[in-house]
Amino acid sequence: MSLASSVAPAPRVRVTSHPWVRFGVRRLGRLLVSLWVLITASFLMIHLIPGDPVRAALGPTAPATLVAAKREEMGLDDPILVQYWHYLQNLFTGDLGTSMISQLPVSDIVAQRLPATLSLALLAFICAVVVAVPLGVTMGVLTRRGHGRRTELGFTTTSVIIGIIPDFLIAVGLVYVFGVSLGWLPVAGNDTPSSYILPVFALMIGPAAILSRIIRVEMVAVLEADFIRTARAKRIPARSLYLGHALPNALTASLTLGGLILGSMVAATVLVENVFAWPGLGSTIVSSILNKDYQVVQAIVIVYGATVLIVNTLVDVALALLDPRSMIRED
Amino acid sequence: MRQLKSVLRTPLGLTATLLTIGVLVLAVIAPILWTDDADAIDTSNILAPPSAEHWAGTDNLGRDIFYRTLVATRLSVELALAATAIAVVVGLLLGTAAFLLGRRGGRLVNAGINIAVAFPGILLALFFAVIFGVGATGAVLAIGMAGAPAFGRLTQTLVAGIAARDFVAAAQVAGVGRLRILLRHVLPNIGEPLAVNATISAGGALLAFAGLSFLGLGVQQPTYDWGRLLFDGISSIYVNPWAALVPGFAVIIAGLAFNLFGESVAKALGVGVVGGIPKLPSVAAHLDDVEPVEDTRHSTDDVVLDVRNLRVTFPGVRGPIRPVRGISFAVRRGEAIGVVGESGSGKSLTALAISRLVDDSGRVEADRLELLGDDLRAADSKAQRQMLGTSLAMVFQDPMTSFNPTQRMGRQLAESSRHHQGLSKKDALERAVDRLRSVRITEPEKRAHQYPHEFSGGMRQRAMIGMGLMGTPALIVADEPTTALDVTVQQQVLDLLASIREADDVALILISHDVTVVGEVCDRVLVMYAGRIVEDLRAADLAAAQHPYTRALMAAVPDMHTDLDQPLAVIPGRPVDPSDVPEGCAYAARCPLASARCRTEDPALVADAAGHRVACWHAGEPLPLEIEDRELEEAEAS
Amino acid sequence: MSELRFDNVTVRYGSTTAVDDVSLTVPSGQVLGLVGESGSGKSTLARAAVGLAPVDSGTILLDGKPVPTRGRRRPLQMVFQDPYSSLDPRMSIGESVAEAIPPGLSRAERRTEVERLLELVHLDPDRLAMRPAALSGGQRQRVALARALAGKPEVIVADEITSALDVSIQGAVLNLVRELQRELGLTILFISHNLAVVRYVASHVAVMHHGRIVEQGPTGHVLSDPDHDYTRTLLAAVPGQSQSKGSL
Ligand SMILES: Nc1ncnc2c1ncn2[C@@H]1O[C@H](COP(=O)(O)OP(=O)(O)OP(=O)(O)O)[C@@H](O)[C@H]1O
Ligand code: SF4
Ligand SMILES: [Mg+2]
């Protein structure tokens, strides 16, 4: 028997087709296309609003000359493609327009408010992961096939219920208990470190429940996999089996979801910020929508959207580092 | 229907079902009964705390919060259902577009969906809320449109899963049109998951609505839903917290009801009943009447593996499942034993049982189970693990899934040496490279740094054998090691096993469903049927097999010498279900020689002078010739 | 007459060429066995014949005319490898077979036709209301054969139809294929990786390797006196040649 015929096809080494290069190009391409869709959608938003956005913002009593001047200033009377072109140009130079209500440059508003939102989302995400990973892994091992049916039922039920309750309702509950009844913790603003406690808790508890549930399911599934049987056949200690073989595989499967959760946490700040009067982008976008201050809304939509897209891209990169097959699966 | 009943049988499912029905009933009757109570203004009683008259207190116009919450049920549920309907319809259109449009158009739609789902729902909802305007209608459209991409993605995944199945291809080949295939084959097969997910999204929409109204972007005065009540209540939370808490609870309960109902149905459809499997009785049911084999042949000390009356039992819904029902055999140093039998006959479980790898839910019992003289029935200990880890090598069927995809090959091989032989990381890796070379893998240094997916199937199977050679195995157990491989590659793997056996006098247990493979490689063949050995003979004697099952197996498979003018032999009927083993000989229903005795008395496995063992009352009797195919078909039907 | 001919057919998926300039003739009323290892392009060739895979260049001809891959009339029918995936689990087997019958028959005529087809594959027509889940693998594969015959095909493409079946059932399906071919005079392209199976059912053999046909000819000739090295390698790898088995 000749051995030559059994050798796997040699990995192709053309530089351009190196898997990492291909992955990087493709992933970057997707990010750029998504960003373009986001920017275009936010541009179209103003034009899809029925009626005159300037009239809507300034109110029915504003003099017609003022409305006309404002329209002129915003270039709303130009052909739409010209407007689109200017819009893109301004974005690239960091000019997001001025607020129709406060007359402040929108970029200043965003720059001033963004840090509060990001710090809140990031802190909540870290807390969620720190809670969910050990919990999910432990539960996975305890409830692997043929084990802990009661534990499984209890854990799943609890985590489903906690995961469903929306964060702003949890926030309201927290305000009531810790702010109104007990008066222990601050319930508004972000002036002291302790004012982070309630908002972060409200934001992280639901995602932590969902994430730990997913990690448990993945862990149980991985523990059924053929390669775990192979690892068991090597008679390695349980710790190496669970932490060395099962955990990395369960995590790669959960990482995609983790990324989605981080993304949605950024967005979830909208509601939670409103409960705690948190001086971030979330409270600003809501008041701007109500005040029909559309240029501010546009800018914040882009900032939120871009943050989410960048987070997703980073997650895919992390996934590719952890599990090289995921690069190929991407297609 | 049966699945729906099983939903009701779990406490959670029952609660969720009752709650869902309750919410729906309330949505219908509450506005009819209590609208007047809810709208009654009492200016003398503004922002009052809970009292006997007003259970949850009053709002800033003195209206009763409790009644308002009840009445708001209808609007809240209506809005949520309307938004869900929008999400489902738009999502279905998006998700099935790819199937209908063909490749290019489909790819475009899918790319669009993929971009849209990357954005969190709340962000999409805010975006659409700006476009559609503040108010109930705007919010319905916004939440509906925001839910559409996710539903589209779900539909798309489900459709793609069904479209890849051969029955869709078969319909295409038969000339059935795209749209008709979608309606007749695809949608019916994904209807259940779609309905379940629509229910769950209805719960989600309810909560999302509360969110938008809470932000002041949803329902506007004077109409009110739960979110609006919450919005009004929170402004007075220091005066009457119940004005916020009561509608808050209503939202949570209704949202949970829809969600949990959907999840319970999903679980019932997918995963079966929770907690429905009874524990095994603590004493094994009478299996002791099996095979009192007194075997002198195995008493020599070159026995590597000695198995007597091995049984494996699993708990089942309708009583215990017994896939392995009393197996006895021994393997001597350097001997190659083949195990053949139909799917489900217990071959793999026997292999797992002798290597202590049956999962914890199964129970393994034996009168004797010794590897190199060590009792494997003893409790798990470090010494035993070390013995098994170094002297027993396992090779599994599917080389594609049997390696850890996230670890490099070298590390996976090295692992056992690090644990059992105390080698350093470097030394263990060196040994791994050496072992890879010994299983004829070219460039082993480079290969050791690659991941499993960079190996071909045949190479992985050889690497798996190499992994077993990290220690000094006395026995290799190979469970269908070549079934997933091409014939030419299969031959290489079999040759490799044979050469290892010769070089180091290693014993081999080779499991296969292919009698010809086993006959070529092995000294002795065990034929399994329904968890028993029915015949144990020398491979050279296969042509002179005595048991009707072995003879049928041999004749059913064509080989390069089969007579082309004769039809192939056929074994009618189906294999025995291990949870329902018949009395008497398990093969009787399919056996052309079966007599009355066969159906009542179980034949024991008896050895002749030459050590050829057979379990059959009519061993070696001539088989009736030419059974009409038609009759066989009827036998199959029974 | 119904001769199936592949003329210089090439099929590409992205940058890989699955079928590379294949010319092959399945003679009318004969069985051609197509062998080769997994990934050699056998299934792609089969799928191209029935219009499930796009042909990049070359032509596939039935009696000199292009094979229709649109409309209801399909003279080429296919039977798939996995009988667990090739029948719609929600349809009764009767419905599955009926769907493939060309339009133009009344309800009653359809029903008689379905019953006739089930008889033909030795299934009890009383079972036509059963779902696939209630049938064994071998019985499902018979239903799949009946469905293929429902389209009144001139040619049947059988892609590894026994490899998902247990050995004990394989024989029955092979017997049926031989019987149907003889009774109905069908032209069959029979794909398998198992040379012994091909030897048993096919009068002609073609050997495929890396997307190309490396050898073709009458079965007896190719198997006893192979021309190509790869064919020799395949033959040498067939297990159990050293001994001959007894028969019943
Ligand atoms: N964990 C389990 N729980 C319940 N039943 C099981 C379990 N594992 C295996 N079985 C049952 O035991 C029987 C024998 O299985 P086994 O895998 O040993 O068969 P096999 O002879 O190896 O078949 P194949 O040729 O398909 O590999 C099957 O009916 C199977 O359903
Ligand atoms: S004991 Fe009877 S039924 Fe069983 S195999 Fe022998 S003859 Fe057949
Ligand atoms: Mg098996």
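Residues numbered from 1 in each chain as written. Chains lettered and ligands numbered in written order. Predicted model: local features only at pLDDT ≥ 70, side-chain atom pairs only at ≥ 80, totals over all residues. Heavy atoms only, no water.

Undergrad: I would appreciate a short explanation of the sheet that holds strand E10 (residues 524-529) of chain B in the present structure.
TA: Residue and element names in this part refer to chain B. With mixed pairing, the 8 strands of this open sheet are ordered in space as E7-E8-E9-E3-E10-E11-E13-E12. Edge strands, defined here as strands with exactly one partner in the open sheet, are strand E7 (392-395) and strand E12 (606-607). As defined by bridge partners, strand E3 (residues 336-340) adjoins strand E9 (residues 507-511) across 4 bridges and the pair is classed as parallel. The residue of E9 that forms the bridge with Gly 338 is Leu 510. Lying over the sheet, helix H19 (residues 548-556) contacts E10 and strand E11 (532-538), oriented at roughly 105 degrees with respect to E10. (Pairing = 2+ DSSP bridges. Helix = DSSP H or I, 4+ residues; strand = E, 2+ residues; numbered from the N terminus. Contact = heavy atoms within 4.5 Å. Axes fitted to C-alpha atoms, helices over the stretch in contact; angles between N-to-C directions.)

Undergrad: It is not clear to me how a nonpolar patch on the surface should be interpreted in this structure. Could you clarify?
TA: Taken together, the side chains of B:Ile21, B:Val25, B:Val28, B:Ile29, B:Ile32 and B:Leu33 define a hydrophobic patch exposed on the protein surface, amounting to about 540 Å² of accessible area. Along the chain, B:Ile32 falls in helix H2 (residues 11-39). (Patch = residues over 30% accessible without salt bridge, like charges linked within 9 Å, V, L, I, M, F, W, Y side chains within 5 Å. Areas by Shrake-Rupley, 256 points an atom, 1.4 Å probe, with all protein chains shown as cover. Salt bridge = Lys/Arg side-chain N within 4 Å of Asp/Glu carboxyl O.)

Undergrad: How should the packing of helix H7 (residues 167-181) of chain A against helix H10 (residues 238-275) of chain A be read in this particular structure?
TA: How two helices pack is summed up by the angle between their axes together with the distance between the axes. Residue and element names in this part refer to chain A. Between H7 and H10, whose axes approach to 9 Å, the crossing angle comes to 20 degrees. One way to sum up the angle between H7 and H10 is to call them roughly parallel. Between H7 and H10 lies a crossing of right-handed hand. Residues Asp 167, Phe 168, Ala 171, Val 172 and Val 175 of H7 form the contact with H10, whose participating residues are Ala 268, Leu 271, Val 272 and Val 275. Considered class by class, the residues forming the contact of H7 with H10 number 8 nonpolar, no polar and 1 charged. (Parallel < 35°, antiparallel > 145°, perpendicular 65-115°, else oblique. Left-handed = near helix turned anticlockwise from the far one by under 90°. Nonpolar A, V, L, I, M, F, W, Y, C, P; charged D, E, K, R; others polar.)

Undergrad: Where do I start with the site of ligand 1 in this structure?
TA: Around ligand 1, the structure places 14 residues, and the nearest of them are B:Ser343, B:Gly344, B:Lys347, B:Ser348 and B:Leu349. Chains contributing residues near ligand 1 are chains A and B. Measuring from an oxygen atom of ligand 1, one finds a backbone N or O atom of B:Gly346 at 3.0 Å. The backbone of B:Leu349 places a nitrogen or oxygen atom 2.8 Å from an oxygen atom of ligand 1. Notes on ligand 1: free accessible area 640 Å², of which the protein chains cover 69%. Broken down by element, the residue count for the shell around ligand 1 peaks at 3 residues, all from helix H11 (residues 347-354) of chain B. Grouping the constituent residues of the shell around ligand 1 by class yields 4 nonpolar, 5 polar and 5 charged. (Near = heavy atom within 4 Å. Polar contact = N/O pair within 3.5 Å; in protein donor to acceptor, adjacent residues only side chain to side chain.)

Undergrad: Got a minute to help me understand the environment of B:Gln172 in this structure?
TA: Checked against the element boundaries, B:Gln172 lands in helix H7 (residues 166-173). Given the relative accessible area of 26%, B:Gln172 is considered partly exposed. When the C-alpha positions of B:Gln172 and B:Ser579 are compared, they lie 40 Å apart, and in sequence the two are 407 residues distant. Residues contacting B:Gln172, with those up to four places away along its chain left out, are B:Arg178, B:Ile181, C:Leu52 and C:Arg74. (Buried < 20%, exposed > 50% of the residue type's maximum accessible area, 1.4 Å probe, protein only.)

Undergrad: Would you mind going over the domain arrangement of chain C with me for this structure?
TA: Note: interface size is frequently given as the accessible area lost on complex formation between the parts. Residues and elements named next belong to chain C. For chain C, the assigned domains read domain 1 (4-75 + 154-236) and domain 2 (87-152). The gap between the C-alpha centroids of domain 1 and domain 2 is 25 Å. With 17 residues of domain 1 at the interface, the matching set in domain 2 holds 16 residues. Together domain 1 and domain 2 conceal approximately 1200 Å² of surface at their shared face, both sides included; 68% is due to carbon and sulfur atoms. In terms of surface lost to domain 2, no three residues of domain 1 exceed Arg 72, Leu 176 and Leu 180, which account for 36% of the buried area on that side. Between domain 1 and domain 2 we count 0 salt bridges in total. Linking domain 1 to domain 2 there are 2 residue pairs in polar contact (both at pLDDT 80 or more). (Domains from an automatic or database assignment. Buried area = accessible area lost by both parts, 1.4 Å probe.)

Undergrad: Is there a simple way to think about the domain arrangement of chain B in this case?
TA: Entries for chain B in the domain assignment read domain 1 (2-44 + 56-269) and domain 2 (303-405 + 451-539). Spacing between the C-alpha centres of domain 1 of chain B and domain 2 of chain B amounts to 53 Å.

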